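Close look at the chain arrangement
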Protein chains: 2
Amino acid sequence: MSRKRGGVVALSGGIGGAKLALGLYRILPRGDLIVVANTGDDFTHLGLEISPDLDTLLYTLAGLDNPKTGWGRAAETWSFMAALEGLGGETWFRLGDRDLAIHVERTRRLHAGESLCAVTAHFCRRLGISARLLPMSDDPVRTRLLTAEGWLDFQDYFVRREAQPAVREIVYCGAAKARPQPQFLDALSDPDLRAVVVCPSNPFLSIDPILALPGVRDAIREARAPVVAVSPIVGKRALKGPTAKLLAELGFEVSARAVARHYAGLVSHFVADESDADGAFGLDLPVTFGPTVMTTIGDREALARLVLAVAEACPVPRHGGGR
Amino acid sequence: MSRKRGGVVALSGGIGGAKLALGLYRILPRGDLIVVANTGDDFTHLGLEISPDLDTLLYTLAGLDNPKTGWGRAAETWSFMAALEGLGGETWFRLGDRDLAIHVERTRRLHAGESLCAVTAHFCRRLGISARLLPMSDDPVRTRLLTAEGWLDFQDYFVRREAQPAVREIVYCGAAKARPQPQFLDALSDPDLRAVVVCPSNPFLSIDPILALPGVRDAIREARAPVVAVSPIVGKRALKGPTAKLLAELGFEVSARAVARHYAGLVSHFVADESDADGAFGLDLPVTFGPTVMTTIGDREALARLVLAVAEACPVPRHGGGR
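Residues numbered from 1 in each chain as written. Chains lettered and ligands numbered in written order. Predicted model: local features only at pLDDT ≥ 70, side-chain atom pairs only at ≥ 80, totals over all residues.

Some points on the interface of chain B and chain A
Going by this rule: A pair of residues counts as a contact when their C-beta atoms, built from backbone coordinates, are separated by no more than 7 Å. Think of it this way: any DSSP run of H or I at least four residues long counts as a helix, any run of E at least two long counts as a strand, and we number them from the N terminus. For this classification, Asp, Glu, Lys and Arg are treated as charged, while Ala, Val, Leu, Ile, Met, Phe, Trp, Tyr, Cys and Pro are nonpolar and the rest, including Gly, are polar.
Taken together, the contact pairs 24 residues of chain B with 24 residues of chain A. Elements with a contribution of two residues or more to the side of chain B that touches chain A: α3 (79-86), α4 (97-111) and α5 (116-126) of chain B. Counting residues per element, the side of chain B that touches chain A draws most heavily on α4 of chain B, which supplies 10 residues. Of the residues in the side of chain B that touches chain A, the class split is 10 nonpolar, nine polar and five charged.

The following block contains the structure:
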């Protein structure tokens, strides 16, 4: 019952989200996928403008990603880093030789006055990506964390300190005044929009920065399409990154249910892993259980199909009184 | 008759000059060599501050140079360039992965407020170079060339256009207002200065930018040490680069004699290749002929010894009435 063939908007962070984004990209008609990337992890390092989530999405969608690390490029070399170490430069953030090209070229274009969105679109064209990949905003938003060691910039926390310090509070500096990407808002208000997908990314570090932009929550609620979130938690652990640790530190239960509760009021449907099907969610939110662990390309496509099937089955308008 | 053991100041451009600088570095006592590098070739490319002659000197003195190309680093890899090409970036100026580290780190430090001299000194320390390597000035000087194709920035002429366009005029933008490196002027006024060496670099593109800085010609003339220039021309050709072509285009004879004449009034002694010993120089300038082609490390040391022996034999004060 394919009553409409509008676009699909996926909100994503890096590694975990990029896996589902790739699944959606591979099964949707060319041009139908719009991926909105978190830019709260962006930072300036060695004078270079680095957008880790955008890059992971670019590399993943272009088939250039490094499946071993989850970040950076395949067939990478490390001569730059070795030489930089010899010169006494900072080496805690690993920049491969190939990866470096995207940072240098992005920085050059941004400094020449191009928007982050335009630069990203250029990279998509060059890498043959037909999805629209949008930074959530062209204005800088920077995630900072209050930890047991004081306030840390995101990459200081995440990479330099390897997400070790216990987190007490998270803020998205600049978010309140940042303008959401206009193409993002346009897509949400498209009457033919097919679905909004909240990818299995870290809710606090990857999705909430997007939701913190002025008007985004309202635009999602008003979208004439189902909103389906996929759990990044399977059982009591995160498949990647510090999501489980963060949930615990911020006082939440470590479970898919806690993530579902976090998104309640915003999403119309939740997809959790089949291994969590025995737990009662007890929320006013429909939950579908299925295989969410994406090891192979086939897994990614299968989860993408499940998410779209769930969206297809949702009534539109879908909003209950919970908001 | 080693009556003094002061420092030796060498003026140098890139490849040819760096060979003699290395010879001097290897035979002089630790810390006695001061190399003043042309920065007229410096430019901003891909947002990076690039100092080609400083880098060639750094790599050469540190033993990291690429003997095949004369520029860049040994054991270089090219992943960055390949990736940049894939992203549609500019690739006419070849930046190796290892080489890139020095540009990124220099740019970062300059933007943080360090002087080019301080950054260069840092690199010397890190690379174990005991010579003092000084940019001729911390202020930007940019060599531009009026060619048959109009005015070109140096690297546009030299690399992008492979020095093909005929040159009519050369200017050193910013030189008139640039402050010569204070350590350079201090070294020239040192009463124990042993010698000033004008390396076999391109007179117009590498040495004249240094001489164009306010006060430098006077400081060299007033130095209490012999000034010895080495010819970059052997027979009717340059050993490297466009020196011979430039001499012809600018209306000079292509010969060591023309270079000697160019430096007359500034230098106290000229060293030309033994193969040019049959030509009459006819200048009021003593000329010593010797082996100036530096193929091996031994050749470099031998020429350095010859240059210092010539300086040693010169009377001080040495200035005739010709200036």
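Read on, since the account is not over.
Quick look at the relation of the copies chain B and chain A
How we decide: Least squares is the method for superposing the copies, and the C-alpha atoms it fits come from residues with pLDDT of at least 70 in both.
Relative to chain A, chain B is turned by 180 degrees and slid 0.0 Å along the rotation axis, the superposed coordinates differing by an RMSD of 0.0 Å. Taken together, the turn and the small shift mark the pair as related by a two-fold rotation axis. Closest approach to the rotation axis within chain B is made by the C-alpha atom of Asp-97 of chain B, at a distance of 3.0 Å. An overlap of 100% is found between the interface residues of chain B and their copies at the interface of chain A, pointing to a shared contact surface.

Some details on the pairing of strand β7 (residues 150-153) of chain B
As a reminder, the rule being used: Here a strand pair is declared whenever DSSP counts at least two bridges between the two strands.
As defined by bridge partners, strand β6 (residues 142-147) of chain B adjoins β7 of chain B across four bridges and the pair is classed as antiparallel. The residue bridging Arg-144 of chain B from the neighbouring strand is Asp-153 of chain B, located in β7 of chain B.

Examining the sheet that holds strand β8 (residues 167-173) of chain B
All names here are of chain B. The cut-off we apply is this: Helix axes use the C-alpha atoms of the stretch in contact, all axes being lines fitted to C-alpha atoms, and the angles between their N-to-C directions lie in the range 0 to 180 degrees.
In space, the three strands of this open sheet follow the order β7-β6-β8, with antiparallel pairing throughout. The open sheet has two edge strands, β7 and β8, and neither has a second partner. When strand polarity is set aside, the average angle formed by the axes of neighbouring strands in this sheet is 25 degrees.

Thoughts on the sheet that holds strand β10 (residues 227-230) of chain A
The strands that make up a sheet are held in pairs by hydrogen bonds between backbone atoms, and each pair lies either parallel or antiparallel. Residue and element names in this part refer to chain A. Taken in spatial order, the seven strands of this open sheet run β5-β2-β1-β9-β10-β13-β14, and their pairing is parallel. The open sheet is flanked by β5 (132-135) and β14 (287-290), the only strands paired with a single partner. This sheet shows a mean twist of 20 degrees between the axes of neighbouring strands, independent of strand direction. Relative to β14, strand β13 (residues 269-273) runs parallel, the two being bridged by four bridges. Following the sheet pairing, Asp-273 is matched in β14 by Gly-290. On top of the sheet, helix α1 (residues 15-27) reaches β1 (8-12), β2 (33-37), β9 (195-198) and β10; it is set at about 165 degrees to β1, its chief contact.

Limitation: the analysis is restricted to geometry and does not speak to function.
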